[in-house]
Each structure stands twice: as C-alpha cells, then as structure tokens.
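# Close look at the chain arrangement
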Amino acid sequence: MSARSDVVVVGAGVFGLATAWQVVRSGRSVTVLDRAPVGTEASGWALGRLDPLLRGSGSTGTVERDLPAEQIAKPEAQQKLALDSYQLHRELTPQIEEISGIDVQVDEQPTLQLFYSEQERSAGADLASAWSSMGFPTELMSQGEIASLDSRILARQFGGALVKGPYFVDSLRFVRALASCARHEGVELETASVTSVESTSDGATVHTDQGHYEAATVILAAGPWTPGLSEPLGVEIPVHPSKGEILRLQPKSSERFGVHVHGPCSLVNKKDGLVWVAATAAEVGFDRTPSDAAREQLLENAGKMMTGADDWPILQHTVCFRPATPDDLPVVGAISDNVIVATGGGGSGIVQCLYVGQQVSAMLESASPEPDSELISLRRFV
Ligand SMILES: Cc1cc2nc3c(=O)[nH]c(=O)nc-3n(C[C@H](O)[C@H](O)[C@H](O)COP(=O)(O)OP(=O)(O)OC[C@H]3O[C@@H](n4cnc5c(N)ncnc54)[C@H](O)[C@@H]3O)c2cc1C
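Not measured: the values here are computed from a predicted model.

Criteria and thresholds
Residues numbered from 1 in each chain as written. Predicted model: local features only at pLDDT ≥ 70, side-chain atom pairs only at ≥ 80, totals over all residues. Heavy atoms only, no water. Phe/Tyr/Trp six-rings, centres within 6.5 Å; stacked < 30°, edge-to-face > 60°. Helix = DSSP H or I, 4+ residues; strand = E, 2+ residues; numbered from the N terminus. Lys NZ or Arg CZ within 6 Å of the ring centre and 35° of its normal. Near = heavy atom within 4 Å. Polar contact = N/O pair within 3.5 Å; in protein donor to acceptor, adjacent residues only side chain to side chain. Areas by Shrake-Rupley, 256 points an atom, 1.4 Å probe, with all protein chains shown as cover. Nonpolar A, V, L, I, M, F, W, Y, C, P; charged D, E, K, R; others polar. Axes fitted to C-alpha atoms, helices over the stretch in contact; angles between N-to-C directions. Parallel < 35°, antiparallel > 145°, perpendicular 65-115°, else oblique. Left-handed = near helix turned anticlockwise from the far one by under 90°. Contact = heavy atoms within 4.5 Å.

Okay, the packing of aromatic side chains next. Enumeration over the complete set of coordinates arrives at five aromatic pairs. A centroid spacing of 4.8 Å and a plane angle of 15° characterise the contact between Trp 225 and Phe 286, whose relative ring orientation is stacked. Here the residue Trp 225 occupies a position in the loop between strand 11 (211-220) and helix 8 (226-230), and Phe 286 occupies one in the loop between strand 15 (275-278) and helix 9 (292-305), the gap between them amounting to 61 residues. The structure contains a cluster of three or more aromatic residues connected by ring pairs, namely Tyr 86, Phe 136 and Tyr 167. Sitting over the ring of Tyr 167, Arg 90 keeps its end group 4.0 Å from the ring centre. Just above the ring of Trp 276 sits the side chain of Arg 248; from NZ or CZ to the centre is 3.9 Å.

With that settled, consider the site of the ligand. Surrounding the ligand, one finds 34 residues, the nearest of these being Asp 34, Ser 43, Arg 49, Val 194 and Gly 346. Within the backbone of Arg 35, an N or O atom sits 3.2 Å from a nitrogen atom of the ligand. In the model, an oxygen atom of the ligand is placed 3.0 Å from a nitrogen or oxygen of the Ile 350 main chain. Across the complex, the protein chains shield 97% of the 1000 Å² of accessible surface that the ligand would expose by itself. Of all the secondary structure elements, the ones that give two or more residues to the shell around the ligand are helix 1 (14-24), helix 2 (42-45), strand 12 (240-249), strand 16 (314-324) and helix 10 (349-366). Tallied by class, the residues present in the shell around the ligand amount to 17 nonpolar, twelve polar and five charged.

Attention now moves to the packing of helix 4 (residues 76-100) against helix 7 (residues 171-184). Between helix 4 and helix 7, the least distance of the axes is 9 Å, while the angle of their chain directions is 70°. The angle between helix 4 and helix 7 falls in the class roughly perpendicular. The interaxial crossing formed by helix 4 with helix 7 has left-handed handedness. Each of His 89, Ile 96, Ile 99 and Ser 100 in helix 4 lies in contact with helix 7, whose residues at this interface are Phe 174, Ala 177, Leu 178, Ser 180, Cys 181 and His 184.

Shown next, in the form of structure tokens:
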C-alpha cells in the first residue's frame with residue numbers, strides 16, 4: 001500500500017501522540033504509525049509522577065547517603081522545562097479527560113521527601129522556602145510529625161519535607177487518552193513496523209512492513225529506538241535506552257497511605273490500591289528481563305522507608321526503557337528538510353510530552369528547523 005498525509009508520526013508513545021494531537025489541530029492531516037498497541041513501551045508503564053521540583057528516583061541510591069540541595073531538586077534547566085510542562089498538564093488534562101472519556105486517575109497526594117543527614121535537612125530548608133514562594137507549599141517535618149502522618153513511614157531524626165503540587169496520573173490511561181484525543185481530531189492510527197525513512201524531493205517516504213507512507217513531513221518519535229531510524233539519514237542523536245524496573249506490591253493493610261514517600265526510591269500507594277516501588281536505572285541496552293538485582297534493591301529500599309514493605313507480595317515486576325540523553329533533556333529538531341526528531345524524555349517524558357508536542361507543532365507552523373526552546377534543541381548536540 002501507499003498512502004499520503006501531511007505528517008506521518010513514527011511512534012504512538014506520549015511524545016508521538018501529544019505531537020500528533022497538537023499538529024492535527026493546526027489543520028494538517030496526520031497518520032501515526034506504531035508496531036505495537038498504544039502504551040506497550042515506557043509510556044504505558046511509567047510511574048506517572050508529574051513533579052516539576054524534585055529529582056526522579058531512578059537511581060542506585062541507598063539510604064546511607066548525604067545529598068546536597070542540587071541532588072534533591074531538579075537541576076535548573078530541567079526544572080524550567082518541567083514547570084512549563086507541568087502547567088500544560090494542569091491546563092489540558094480536564095480537556096483530555098473530557099474528549100477521551102478516560103479518567104486518567106489524577107492523584108493529588110503530596111510528596112514526602114525524607115532526609116538522611118543534617119546536610120540534606122539544611123538543603124531541604126532552603127528548598128522549602130524557595131518552593132513555597134513558587135506556589136508549591138512545602139513544610140519541613142520532624143521525625144515525630146512524620147510518624148503522626150503515618151506511623152508506618154520510617155523517618156530518621158533529620159525528618160523530611162512535605163511538598164504539595166507534584167501529583168500522579170496513571171500512565172497507561174493517560175497515553176490511551178491522548179490516542180483517543182488524537183483520533184477524535186482525525187488522526188489515523190495504524191499498526192506498522194517502520195524499517196526506514198527516506199527523504200524525497202517533496203517530502204519523505206516511510207517504509208514499513210505494511211507498505212509505504214508518503215508525507216510532507218515525518219516526525220520520528222520512536223523513543224529509544226529513534227536513533228536506529230535517524231542514523232541511516234546521516235544523523236546520530238544521543239539517545240539510549242535506560243532500563244527502568246518497578247515493583248507493584250500488595251500492601252498488607254487496606255489502609256491507603258496518602259503521601260508519596262520519596263527517598264532512595266519512590267513508594268506510592270496508587271489509585272489501583274497497589275504500592276508502586278520505583279525505579280531502577282541500568283545501562284544494559286534493550287534487555288527486557290526483570291532482574292533479581294533490581295527486585296532486591298527496590299525491596300531493600302522500600303523496607304527502609306516503610307515498615308514491612310519488603311514483605312509485601314509482589315504482584316507485578318515491570319521493565320521499560322527511558323529514552324535517555326546526556327543532559328536528561330529532550331532532543332527536538334529537523335534532521336533533514338522533511339524529517340524532525342522528537343524524543344529524549346528520559347525519566348520525565350510523561351511530564352514533558354505536551355510541551356514537546358506544542359514545540360513541534362509550532363516548528364511546522366513557522367517552517368522552522370528548530371524549536372523555540374533552546375533547552376530541547378537538537379542543535380546542542382549536532
Ligand atoms: C521505570 C520508568 C518510570 C518512569 N516514570 C516516569 C514518571 O513518573 N514521570 C514521567 O514524566 N516520566 C516517567 N518515565 C519516563 C517516560 O515513561 C518516558 O520518557 C516516555 O514514556 C517516553 O515516551 P516516548 O513516546 O518518547 O517513547 P515510548 O513510550 O518508548 O514510545 C515509543 C513508541 O515507538 C514505537 N516504535 C519504536 N520503534 C518503532 C518502529 N521501528 N516502527 C514502529 N513503531 C516503533 C514503540 O512501539 C513505542 O510505542 C519513566 C520511565 C521509566 C522507564
């Protein structure tokens with residue numbers, strides 16, 4: 001078969017779908033191609049944390065540590081991008097839920113950052129006043145105050161900080177809702193495995209196992225698989241798979257704890273009733289096997305943060321891949337006259353996707369090879 005659209009997007013993860021949704025609303029015809037059902041990769045398995053302030057918990061961290069402020073908070077550039085992206089979620093999520101009819105399970109539970117040293121506590125005090133003045137009320141808590149919040153939480157004498165504003169969604173429901181919004185506006189979603197992309201005199205041709213697709217512009221949003229499609233076009237983009245594992249535990253007590261406990265890992269009692277323990281990060285290529293080492297690390301950290309958590313039954317042990325970049329910021333830009341890349345969400349792609357979609361849509365409108373935001377421009381690498 002051979003079909004033509006104004007725009008073909010490769011990848012139906014959050015980056016591809018948010019982009020397709022924004023682009024179709026500017027009046028262009030859009031086809032999205034994916035080899036698998038919506039949400040098969042990281043977009044459907046992520047923790048779903050929308051946090052513009054604190055660092056992610058994908059780490060090999062232990063509680064025996066001493067973090068300065070710059071390792072508790074996101075670095076400045078990431079925070080700037082995350083704040084803009086977070087605002088877009090706040091604005092657009094009601095619309096996404098209404099159009100799609102899907103409840104994305106917005107969960108406003110605050111984040112309790114635990115401190116493990118005096119240095120962390122003093123760094124946390126500075127951050128608390130900065131975040132409060134930015135509109136994210138943050139309260140320092142003593143060990144005793146944390147115990148009265150929930151006696152199961154294991155805080156040290158250094159206490160913690162309770163941050164309001166960061167929240168959660170269910171990633172799988174969210175990516176499905178984006179797909180539904182895109183379809184609602186006329187986006188065609190097709191199952192096809194893309195083998196290569198070729199620039200032509202008046203656009204680009206996408207070769208797939210289902211035939212060819214012609215377009216004026218092709219957007220490569222294939223997550224960590226994007227470099228495999230861009231390299232034959234002569235552009236190496238610095239994106240690699242960072243393997244992340246999460247455990248979903250069945251808590252012993254039916255009493256839900258209503259705060260996200262954040263330390264060397266994230267412990268979240270999600271709306272599905274399970275406690276998600278997230279996440280590991282490993283540079284081992286596309287290895288989909290759940291590892292014993294990750295399970296042990298996550299359980300050990302969980303047990304140090306909440307009484308008995310390391311004994312709760314594991315209902316699910318998931319693996320997915322962050323599209324990681326050297327500076328943990330996305331890469332967006334044209335790699336030829338008619339091909340644009342939009343990837344590199346790393347551990348924050350759910351937060352960033354609506355912002356990236358807007359930036360790509362604006363590039364098409366202005367026929368610009370680069371996004372407005374220098375922070376995410378491919379230009380910083382090539
Ligand atoms: C453990 C873990 C936890 C995370 N938690 C959070 C979080 O709490 N908050 C947050 O903001 N972010 C989080 N993230 C990050 C987030 O999940 C990713 O950044 C985001 O999902 C990436 O979206 P994407 O659309 O770029 O890629 P993907 O979701 O990987 O989608 C890429 C799509 O391209 C398709 N594809 C690839 N190659 C081809 C091909 N040749 N032909 C056709 N289709 C193709 C794939 O099938 C896939 O559907 C987490 C990630 C991990 C690993």
